[in-house]
Amino acid sequence: MSGNGDPGQTLAPAALPAGDWLAPVDGHRVWWCEGGDPAGLPVLIVHGGPGGASRLEPTRWFDGLPLRWIAIDQRGCGRSEPPGRTDGNDLGALLDDMERLRRHLGLRRWAVAGGSWGARVALAYAARWPEVLHGLLLRSPFLGTAAETRRYIAPWLPWLGAEGRAWLGEPAATAVAALYQAEPGLLHIGAMQADERIARAWSAFDDAQSAPGGVAASGARCDPTALPAATPQLMASWRIHAHYAAASWGMAAAGAAGVPALNSGVPVSVVWGAADATCDPAVARALAAALPGALSNEVPEAGHRMSDPRLAPALRAAAREWALRCRGIG
């Protein structure tokens, strides 16, 4: 759950800036960075996951526009410290960090752009602080419902196949499926979070689901000899991801998924791929219809990845149009 742009007015960065950290809270030091036009309209970019990190691609959507983009790594994620920490880490805390950052920067209002899990976080933030929202951009949204989670994990056991299940072990294979269905697993959550084999297999499965149509369309199967290495970054990402999956994606911490009551005239845009196997296109359609005045763009045959050759140009075009509407200069 976890594009190239046209030339801007200044040279685009090759990587995210060094950034800085907010003052520690609850044992977490949250990282953030910014770029673009320092005098431009501020736009907060919320990464996906849970367990993801801020990436360069969304910042490039705004190249050359009078926008000041701001990115934040969620607790335990990316450059935030300590990596993989789950204590004091829930959806409500993520929202508090975003609001702390806005106040730290002295901003009265800002626009918020979130993708996948980041759309869930952005919507929860908009529901809590609608008065500070200047616009809302949602990419391939995930709301955290049980139906969405079951849809995502349904191909897990077929993807593992006999070879993958033998390599991973039947108790672990079954426990992962149970975790995503909010059922008691055969392994304790702490043991699952520390299991390098589970983390490696989950990472490969998640990547396969991100392709158009996911595992069902590609017929992909687990190859134990080709799985990613269990790097510290991968293990931290899996630890955070499993933590939020076990907590039903923060439903209890920050309220059930829903449509925020936005101020009249707030520009909203929703963009998603019609062949997204990670986040349900039906959810995106319903969300776009429920958000007053939202512009929607369902991209035929596109999957979940931001780099999808069909989705990437549509994302850039929609983001730029949305940003100009937020600025009132479109």
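A short tour of the structure in this document, coming up. Bear in mind that the values here come from a model prediction, so they are computed numbers and not experimental data.

Parameters and conventions
- Residues numbered from 1 in each chain as written.
- Predicted model: local features only at pLDDT ≥ 70, side-chain atom pairs only at ≥ 80, totals over all residues.
- Heavy atoms only, no water.
- Helix = DSSP H or I, 4+ residues; strand = E, 2+ residues; numbered from the N terminus.
- Buried < 20%, exposed > 50% of the residue type's maximum accessible area, 1.4 Å probe, protein only.
- Polar contact = N/O pair within 3.5 Å; in protein donor to acceptor, adjacent residues only side chain to side chain.
- Contact = heavy atoms within 4.5 Å.
- Salt bridge = Lys/Arg side-chain N within 4 Å of Asp/Glu carboxyl O.
- Pairing = 2+ DSSP bridges.
- Axes fitted to C-alpha atoms, helices over the stretch in contact; angles between N-to-C directions.
- Phe/Tyr/Trp six-rings, centres within 6.5 Å; stacked < 30°, edge-to-face > 60°.
- Parallel < 35°, antiparallel > 145°, perpendicular 65-115°, else oblique.
- Left-handed = near helix turned anticlockwise from the far one by under 90°.
- Core = buried A, V, L, I, M, F, W, Y, C linked by side-chain atoms within 4.5 Å.

## Some remarks on the side chain of Arg 320
Logical step 1: Mapped onto the secondary structure, Arg 320 falls in helix 13 (residues 311–327).
Logical step 2: Under the relative-accessibility criterion, Arg 320 is labelled buried at 18%.
Logical step 3: From its side chain, Arg 320 meets the backbone oxygen of Asp 63 in a polar contact 2.9 Å long.

## Details of the environment of Ala 211
Logical step 1: Assignment of secondary structure puts Ala 211 in the loop between helix 8 (196–210) and helix 9 (214–218).
Logical step 2: With 107 residues separating them in the primary sequence, Ala 211 and Ala 318 have C-alpha atoms 21 Å apart.
Logical step 3: Residues within four places of Ala 211 in sequence aside, it is in contact with Ala 275, Gly 303 and Arg 305.

## Considerations on the pattern of salt bridges
Logical step 1: As enumerated under the stated definition, the model contains 17 salt bridges in all.
Logical step 2: Arg 305 is paired through a salt bridge with Asp 207; the nearest N and O atoms lie 3.4 Å apart. Of the two residues, Arg 305 is situated in the loop between strand 8 (295–299) and helix 13 and Asp 207 in helix 8; the sequence distance between them amounts to 98 residues.
Logical step 3: For Asp 207, a relative accessible area of 43% puts it in the partly exposed group.
Logical step 4: Each member of the salt-bridge network shares a partner with another, and the members are Asp 26, Arg 75, Asp 97 and Arg 100.

## Some points on the sheet that holds strand 1 (residues 20–21)
Consider a sheet: its strands pair through backbone hydrogen bonds, and that pairing is either parallel or antiparallel.
Logical step 1: Overall, mixed pairing links the 8 strands, which are arranged 1-2-4-3-5-6-7-8 in an open sheet. Both edges of this open sheet fall to strand 1 and strand 8, since each of them pairs with a single strand only.
Logical step 2: Contacts from helix 2 (residues 91–104) reach strand 2 (31–36), strand 3 (41–46), strand 4 (67–72) and strand 5 (110–115) within the one sheet, and its direction differs from that of strand 4 by about 140 degrees.
Logical step 3: Relative to strand 7 (residues 268–273), helix 12 (residues 281–290) is tilted by about 165 degrees, and along the sheet it contacts strand 6 (133–139), strand 7 and strand 8.

## Some points on the pairing of strand 3
Logical step 1: For strand 3, a buried count of 6 out of 6 residues is recorded, marking the element as mostly surrounded by other parts of the structure.
Logical step 2: By the alternation rule, side chains of strand 3 split into Leu 41, Val 43 and Ile 45 and Pro 42, Leu 44 and Val 46, which are all buried.
Logical step 3: Relative to strand 5, strand 3 is paired through 4 bridges, and the arrangement is parallel. The residue of strand 5 that forms the bridge with Leu 44 is Val 112.

## What about the packing of aromatic side chains?
Logical step 1: Under the counting rule described, the total for this entry stands at 14 aromatic pairs.
Logical step 2: A centroid spacing of 5.7 Å and a plane angle of 65 degrees characterise the contact between Trp 159 and Phe 205, whose relative ring orientation is edge-to-face. Here Phe 205 lies in helix 8 and Trp 159 lies in helix 5 (residues 156–168), a separation of 46 residues in the sequence.
Logical step 3: The exposure class of Trp 159 is buried, given its relative accessible area of 3%.
Logical step 4: Take Phe 205: its relative accessible area is 0%, and that puts it in the buried class.
Logical step 5: Taken together, a centroid distance of 5.2 Å and an interplanar angle of 40 degrees make the contact between Trp 202 and Trp 238 tilted. You can see Trp 202 sitting in helix 8 and its partner Trp 238 sitting in helix 10 (residues 232–246), a full 36 residues away along the chain.

## A word on the packing of helix 2 against helix 3 (residues 117–128)
Logical step 1: Running from amino to carboxyl end, helix 2 crosses helix 3 at an angle of 70 degrees, the nearest separation of the two axes being 10 Å. When the axes of helix 2 and helix 3 are compared, the pair comes out roughly perpendicular. The way helix 2 lies across helix 3 gives a crossing that is right-handed. The segment helix 2 lies against helix 3, with Leu 91, Gly 92, Leu 94, Leu 95, Asp 96, Met 98, Glu 99 and Arg 102 engaging Trp 117, Arg 120, Val 121, Ala 124, Tyr 125 and Arg 128.

## Here's the deal with the nonpolar core
Across soluble globular proteins, you tend to see nonpolar side chains buried next to one another.
Logical step 1: The biggest cluster of nonpolar side chains holds 76 residues, and the ones touching the most others in it are Trp 156 and Trp 159.
Logical step 2: A per-element tally of this core places helix 3 first, with 8 residues.
Logical step 3: Residues within four places of Trp 159 in sequence aside, it is in contact with Ala 201, Ala 204, Phe 205, Ala 208, Val 215, Ala 220, Arg 221, Cys 222 and Leu 227.
Logical step 4: Formed by 28 residues, the second largest nonpolar core is a distinct cluster that contains Leu 56, Trp 61, Ala 71 and Trp 322.

## As for the side chain of His 304
Logical step 1: Structurally, His 304 can be placed in the loop between strand 8 and helix 13.
Logical step 2: For His 304, a relative accessible area of 3% translates into the label buried.
Logical step 3: A distance of 3.1 Å separates polar atoms of two side chains, one belonging to His 304 and the other to Ser 116.
Logical step 4: Only 2.8 Å separates the side chain of His 304 from the side chain of Asp 276, close enough to count as a polar contact.

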